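Summary of the model geometry
The residues making up each chain are set out below.
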Amino acid sequence: MIKTALLLAVIGHILCGICDCLLSYSPKGRLNLKEIRDPEKMHVLFEGMPLSYPMVSIVMGTFAILLFSFGYFALSHWMQQFSPAAANILFISAAVFLIPITTHHVFCGAVEWLYIRLGRTREARDAVLGLQKKSIVTMFAGYAGLLAFTGTLFFMTVTGRTAVPQWGCVFNTLIFMLALLPTKLPAKGNIAGALMFLGLLFIIP
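Bear in mind the structure is a predicted one, so any value in this text is a computation, not a measurement.

A separate point is the environment of Ser-57. Here Ser-57 lies in helix α4 (residues 52-79). Ser-57 sits 111 residues away from Gly-168 along the chain, and the two C-alpha atoms are 32 Å apart. Apart from residues no more than four positions distant in its own chain, Ser-57 is found in contact with Cys-19, Leu-22, Leu-23, Thr-62 and His-105.

Shown next as structure tokens:
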């Protein structure tokens, strides 16, 4: 069963990465902080962007998070045989990651949908950015949970306390994220997550 859960997690992270791209790219190019700070550049960037992009991202992204949640909870169950304490940490941190990050994803999609729907005006930009700033705590909470999860998994693996080889510690979202940070690849977090579960799929007995 764990193999199936890990495969679902790979698929979920790939789908969620696609959803991230739907929010990050418009027909005019890639969204970045410079455009967000400049109302005129943001207006131009979102010109011609279909309302379906953020809506599809919200719906498919929520489903994708559900899919990869199976992988996180399966790993916490698998860890039970090696350390009940570590397993509990994985379970709790997975919940702390998954629940807020789902909320954060929905807010991100809703912010873009509202901005486009309200005509991409300066007032619309100020309103949606205000909403995003007030909900940003969901992102920080989610990533705190992910950090606790990946940190615990790394420690248990690198110290040889699980059934996988110690070198298997490299199959960890945290490691892949550090490697991907200097690149310009989109959806880095989901690429890292997919790679972690793909690697674990092959090395977990």
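Once the structure has been displayed, the description carries forward.
What follows covers the pattern of salt bridges. Counted by the stated rule, this structure contains two salt bridges. Across the salt bridge formed by Glu-40 and Arg-122, the nearest N and O atoms sit 3.9 Å from each other. Residue Glu-40 is found in helix α3 (residues 39-45), and its partner Arg-122 is found in helix α6 (residues 122-135); the two are separated by 82 residues along the sequence. Ionic pairing is found between Asp-126 and Arg-125, a salt bridge with its closest N-O pair at 2.8 Å.

Moving on, we get to helix α7 (residues 137-158). In this model, α7 (22 residues) spans 31 Å end to end at C-alpha, consistent with the 32 Å of a helix rising 1.5 Å per residue. Considered for burial, the residues of α7 that qualify are Thr-138, Met-139, Gly-142, Gly-145, Leu-146, Phe-149, Thr-150, Thr-152, Leu-153, Met-156 and Thr-157. For α7, the secondary structure elements touched by its buried residues are α4, α5 (84-117), α6, α8 (173-180) and α9 (188-203).

It is worth spelling out the packing of aromatic side chains at this point. Per the counting criterion, the structure on display carries 10 aromatic pairs. Ring plane angle 75° and centroid distance 5.3 Å describe the contact between Phe-46 and Tyr-115, whose orientation is recorded as edge-to-face. A residue pair is termed long-range when its members are at least 10 positions apart, and Phe-46 in the loop between α3 and α4 and Tyr-115 in helix α5 qualify at 69 residues. Ring geometry for Phe-171 versus Phe-176: centroids 6.4 Å apart, planes at 50°, classification tilted. Accessibility expressed as a relative area gives 19% for Phe-176, which makes it buried.

Take the environment of Ile-191 next. With respect to the helices, strands and loops of the structure, Ile-191 is situated in helix α9. Considered as a pair, Ile-191 and Val-10 are 181 residues apart in the sequence and their alpha carbons are 9.2 Å apart. Look past the residues within four positions of Ile-191 in its chain and what remains in contact with it is Leu-180, Leu-185 and Pro-186.

Right, let's talk about unusual backbone geometry for a bit. Even without glycine at this site, Arg-120 takes up a positive phi of about 60°. Within the element layout of this structure, Arg-120 appears in the loop between α5 and α6. Relative accessible area serves as the criterion here: at 18%, Arg-120 is assigned to the buried category. Here Ala-187, not a glycine, exhibits a phi torsion of approximately 55°, which is positive. Checked against the element boundaries, Ala-187 lands in the loop between α8 and α9. For Ala-187, a relative accessible area of 17% puts it in the buried group.

On to the nonpolar core. Judged by nonpolar contacts, the single largest core of 34 residues is most densely connected at Tyr-72 and Leu-75. Elements represented by at least two residues in this core include exactly α1 (2-24), α4, α5, α7 and α9. Per-element tally for this core: the top contributor is α4, with nine residues. Not counting residues up to four positions away in its chain, the partners in contact with Tyr-72 are His-13, Ala-94, Phe-97, Leu-98, Leu-146, Phe-149, Met-196 and Phe-197.

Below, the discussion takes up a nonpolar patch on the surface. A cluster of nonpolar side chains, namely Leu-147, Leu-174, Leu-178 and Leu-181, defines an oily patch on the protein surface of about 380 Å² accessible area. Counting through the fold element by element, Leu-181 comes out in the loop between α8 and α9.

Our focus in this paragraph is the packing of α7 against α8. In contact at an axis separation of 8 Å, α7 and α8 are set at 110° when each is read in the N-to-C sense. On the basis of the axis angle, α7 is roughly perpendicular to α8. For the pair α7 and α8, contact is made by Leu-146, Leu-147, Thr-150 and Phe-154 and by Thr-173, Leu-174 and Ile-175, respectively. Within the contact of α7 with α8, the residues separate by chemical class into five nonpolar, two polar and no charged.

What counts, and at which threshold
- Residues numbered from 1 in each chain as written.
- Predicted model: local features only at pLDDT ≥ 70, side-chain atom pairs only at ≥ 80, totals over all residues.
- Heavy atoms only, no water.
- Helix = DSSP H or I, 4+ residues; strand = E, 2+ residues; numbered from the N terminus.
- Contact = heavy atoms within 4.5 Å.
- Salt bridge = Lys/Arg side-chain N within 4 Å of Asp/Glu carboxyl O.
- Expected span 1.5 Å × (residues − 1).
- Buried < 20%, exposed > 50% of the residue type's maximum accessible area, 1.4 Å probe, protein only.
- Phe/Tyr/Trp six-rings, centres within 6.5 Å; stacked < 30°, edge-to-face > 60°.
- Core = buried A, V, L, I, M, F, W, Y, C linked by side-chain atoms within 4.5 Å.
- Patch = residues over 30% accessible without salt bridge, like charges linked within 9 Å, V, L, I, M, F, W, Y side chains within 5 Å.
- Areas by Shrake-Rupley, 256 points an atom, 1.4 Å probe, with all protein chains shown as cover.
- Axes fitted to C-alpha atoms, helices over the stretch in contact; angles between N-to-C directions.
- Parallel < 35°, antiparallel > 145°, perpendicular 65-115°, else oblique.
- Nonpolar A, V, L, I, M, F, W, Y, C, P; charged D, E, K, R; others polar.

Coordinates in, geometry out; function isn't part of it.
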